[in-house]
Amino acid sequence: MIWEALLYGLGSGGGVYIALLSNKWKKTKQWEDVSFLQGIGLVAWCIGSVLALSPVWWMQKLSLPVSLITYASFLRSLHVFPLATHATFGRWKMIIDTLALGVTFALMVVIHDLTYQAEGHSPVMIYWQGGFYLLLPAFSIFLIIRQLQGTARLKRERLLLSTILFIAVTMMTPMVPSSVLIWCVLVAFVCLFFAHRGLGQQQILHIAKTEYRYLFERQKFGKQDAIISQFMLLSITFALVGIPQIPYYGRVGLGAGILFGLVRVYLTTRENRILMNQTLVAASHLEQKYENQLEQIQLQNKKLSQVLGLKQNYEYLLLASNEQSLREVNYETLQQVIEELVDTWFARMDTLTFFQLSLESESGEVYFRLERGSRGYSGSLHHVNTRMVVSEQRDTALVPRYVSLFAQTSVVDQGHAELDHSFFQVLLVNVRGLILRCLHEHQALELGVMETEMGLARRIQSMLIPKEELIIKGLRARTVYAPITYVGGDYVDYIRIDDRYVCFIVADVSGHGLPASLLATGISSAARAVLQTSWSPDVILERLNQLLYENLSKTRLFITMMVACYDSYEHKLLLSRAGHPKPLYLSTTRQSVLDCRGGVGLGLLPDSTYPLEEVLLKEDAMLLIYTDGLVNTGRKDAFHYLQQWLGELSALLDDPGNANDEVIDRVESYVWGMTRREKQIDDISVLILQFQSDPHTKVQ
C-alpha cells in the first residue's frame, strides 16, 4: 500500500513535468499539445489510483470520474498526435469517441451500482472498455508513423509505443497482482517520461504535394482508420456474444460501444466516399492541367522550331553581310556591293514582300535608291520604316547624311516582326559600314598624300635653317631647331653680309603649322632682300615691317624677331628687338637676361621703330637668342623657369669637364635634352653665340 502510494506520487510529479514541457516548447494551444494532455492524464490516473486504494467507499467511487479524465486526456492526445497534414483525425471523430467513452462509463457505473450494492466494489470492465477506445486511434496512428522517415518517425514512434504500453498497463490493473503492477506502472512511467523529453517541439509535417496527392493520402488514412474501427467493432461483438462470463453492466457497455462503433464506421465510410469523389475530381483537374501543359509544350516546341529556322536564316544573312564587308570596296564599286547585299537579304527573307533602300541628304534629296518586290502587295501585314545616320559632318553623294529603309513583310506574330526590325537595323549598319570604309580609305589616301607633302615641306624648311656651325675670328654660332609639328613658324638664320658684318636672325610667327611655316619661309627671302642695302639691325627691322605689314595684317598674324649684327672689326654686337624675348647672357662674371629695349612685333603697327643696342664683347661670353617656345612649357611662372635655365647653364660654364669637351657642345647638348624632357607646346628655336674677349684667340 505504501509503495503503491509512493509510486503514484512520483507518477504525479512526472505527469506535472511532462505537462510543463508544453510551455518549454512555447505551444500557444495547450489543449492541442500531446505532452500537456498526457501529463494531465497521467496525474489524473495517479490520483484515481490512490483514491481506489482508500478503504473509504465514496473515495473509491470518486476514483471513477477521475479515471474518466485520464482516458479523455489520452484520447484527446491521440487525436492531436503530431503527424502529417493528410493524417489528422476529423473533429467529428473526436466528438464521437469522447461521447462514446463518456456514455459507456456512465452506463456501466450506473448499472453496476444498481446491480451491486457492495461498498467499494468497482466495475472492472471500465478498464477494458476504456482501453479499447484508446487503442482504436493508437493503431491508426501507428500505421501512419510507419510511413514517415528520419528522426521525426523515431521520436513519434517512441512516444506512441510508450502510450500504448501505458494503455496496456491500465487495462491490466484489475487482473495482475500489486507487486507486478507496480513494476509495470514504473516501466510505463519511465518510457513516457523519456519519450516526451526527447520529442522536442511538436509540429505537424506539411507535405509539399499536389491537391490530388493530398486527397489520395487522406483517403488512404481514412480507409486504414475504417479498417481498424471495423476490427474493433468485430472484437467487441465477439466478446459480447462469445464470452458468457461478462457481467450485465459490461454487456450494456459493450452494446453502447457497438452502437457508437457502427455510427463511426458509417460516418468514416461516408467521408471516404466523399474523399474518393474529391480525389477523382482532383485527378480529372490534374489530367486536364497536364493536357494543357502538354499543349503549351507542343506550342513552345513549334515556336522553338520556327525560331531555330529563323536563326539559321539570319545566321546565313549575317555571314553573307560579313563576306560583303570583307570585300575590297571603294567609291567606284560601292553601289554594286550595296546592291548585291540587298539582293541577298531580299532572296533569303521569305516574309519580305517589298524592300527599298536609299541614300539621302538631310533635306530629303535621294542620292541612290534600290527597290525589290512589289509595293502595296495584298499579303503585306507589317511595315518597317527606319533610317540611320551615316555622318554628322558630311552630306554628299559619296557620304550621305542618312541611309533609309522601307520594307513590307507578311508576318503576323509581333515578336517575329520585332525580330525582322532588328535585322533590318543590322542591314543598315552593314551599308553604313561600307560607306564609312570608303570614306576612311579615301581619307587615308588623302592623309598619305598630305603626309608626303608635309614631309617635303619640312625638308624644304629645314634647308633654310643652317645646320653647319659658323666659325669666324672671335665667334662661333650654332642652332637648335625643334618644330612641334611637321613644319613650324620659327626661323633661325645667320647671313654673312661682307667681311666685316655677319647678321643673325631669330624670328617667331604667331600660330603653328603650315600657315606659320609659309610666313617663316617668306622671312628668309625678305631678309636677304633687305640685307642687300642695310646692315644695321634697327633699319633691317623697320624695312621688314614695312615690307611684310600688308600681308600680316590681312592674315591677322604677327612676327616677333631679334636681329643681331656682329662687327668683327670692333668686336661688338649690335641688337634690335621686335617683341621678341630678351636673350640670355652668360659669362664667368655675369649670368643674366640681357636688358635691351625693343619695339612691337612686325605686322602690328605700320610705322614702328626699333631701338638699337650695342654690346661690347670685352670678356669670354655666350649669348642665347631663343623663341618663346623654350620657356613656354605649360609652367605658370616663366620668369622662375628662365632663372632656372640661367643657373643650370652657368653650372655648365663653370664645369671644367673633359679636356676635349668644348663648352658650346655641352650647352647645345643641354638645350636638346631640355627640349626633349619638358612638354613641348610650341616651336622651339635657339641660336647659340660664343665670343672671346680677344678676337684673335681661338674660340674654345
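In this text, all values refer to a predicted model and were calculated from it rather than measured experimentally.

Calculation criteria
- Residues numbered from 1 in each chain as written.
- Predicted model: local features only at pLDDT ≥ 70, side-chain atom pairs only at ≥ 80, totals over all residues.
- Heavy atoms only, no water.
- Helix = DSSP H or I, 4+ residues; strand = E, 2+ residues; numbered from the N terminus.
- Expected span 1.5 Å × (residues − 1).
- Buried < 20%, exposed > 50% of the residue type's maximum accessible area, 1.4 Å probe, protein only.
- Salt bridge = Lys/Arg side-chain N within 4 Å of Asp/Glu carboxyl O.
- Pairing = 2+ DSSP bridges.
- Axes fitted to C-alpha atoms, helices over the stretch in contact; angles between N-to-C directions.
- Core = buried A, V, L, I, M, F, W, Y, C linked by side-chain atoms within 4.5 Å.
- Contact = heavy atoms within 4.5 Å.

K.L.:
Now, about helix 13 (residues 537–555): what can you tell me, with residues and values included?
P.N.:
Between its first and last C-alpha atoms helix 13 spans 25 Å; for 19 residues at 1.5 Å apiece the expected length is 27 Å, and the two agree. Among the residues of helix 13, those classed as buried are P537, D538, I540, L541, L544, N545, L548 and L552. Downstream of helix 13 by one or two residues, R556 has phi in the positive range, about 60°.

K.L.:
Hey, could you go over the pattern of salt bridges for me, with residue numbers and the actual values?
P.N.:
Scanning all chains against the criterion turns up 15 salt bridges. Note that K582 and D595 form a salt bridge whose closest N and O atoms lie 3.3 Å from each other. On the criterion of sequence distance, the pair formed by K582 in the loop between strand 10 (572–578) and strand 11 (584–587) and D595 in the loop between strand 12 (591–593) and strand 13 (613–616) is long-range, its members being 13 residues apart. Residues participating in the shared-partner salt-bridge network are E469, R476, R478, D665 and E668.

K.L.:
Requested: an account of the pairing of strand 6 (residues 475–482), with residues and values cited.
P.N.:
Along strand 6, 8 of the 8 residues are buried, which leaves the element largely enclosed by surrounding structure. The alternating pattern of strand 6 places L475, A477, T479 and Y481 and R476, R478, V480 and A482 on opposite faces, both of which are buried. Two elements, strand 5 (residues 470–472) and strand 6, share 3 bridges in a ladder whose sense is antiparallel. Across the sheet, residue I472 finds its bridge partner in strand 6, namely L475. The antiparallel pairing of strand 5 with strand 6 creates a hairpin that spans 2 residues between the two strands, and G474 there sits at a positive phi of about 80°.

K.L.:
Could you give me a rundown of the sheet that holds strand 3 (residues 382–389), with the residues and numbers involved?
P.N.:
Strands belonging to one sheet form pairs held by backbone hydrogen bonds; the direction of such a pair is parallel or antiparallel. Spatially, 4 strands are ordered 2-1-4-3 in an open sheet, and the strand pairing comes out antiparallel. The strands lining the two open edges of the sheet, one partner per strand, are strand 2 (366–373) and strand 3. This sheet shows a mean twist of 10° between the axes of neighbouring strands, independent of strand direction. Relative to strand 4 (residues 402–409), strand 1 (residues 352–360) runs antiparallel, the two sharing 8 bridges. Its bridge partner being in strand 4, L357 is matched across the sheet by L405.

K.L.:
For the nonpolar core, give the residues involved together with the corresponding values.
P.N.:
In this structure, L160 and F166 are the most contacted members of the largest nonpolar core, which totals 56 residues. The element contributing the most residues to this core is helix 5 (residues 125–145), with 10 residues. In this structure, F166 is in contact with L42, W45, T70, F74, A188, F189 and L192, ignoring residues within four places of it in sequence. Grouped together as the second largest cluster of nonpolar side chains are 31 residues, L334, L405, F424 and V431 included.

K.L.:
Quick rundown of the pairing of strand 9 (residues 559–567)? Include the residues and the values.
P.N.:
The buried fraction of strand 9 amounts to 9 of the 9 residues, a majority that puts the element mostly inside the structure. Residue alternation in strand 9 divides its side chains into two sets, I559, M561, V563, C565 and D567 and T560, M562, A564 and Y566, and both sets are buried. Looking at chain direction, strand 8 (residues 501–509) and strand 9 are connected through 9 bridges and run antiparallel. From the neighbouring strand, V506 faces strand 9, where its bridge partner is M562. Bridge analysis of strand 9 against strand 10 gives 7 bridges, and the strand direction is antiparallel. Each bridged residue has a counterpart across the sheet, and for C565 the counterpart in strand 10 is L574. Linking strand 9 to strand 10, which pair antiparallel, is a turn of 4 residues; within it H571 sits at a positive phi near 50°.

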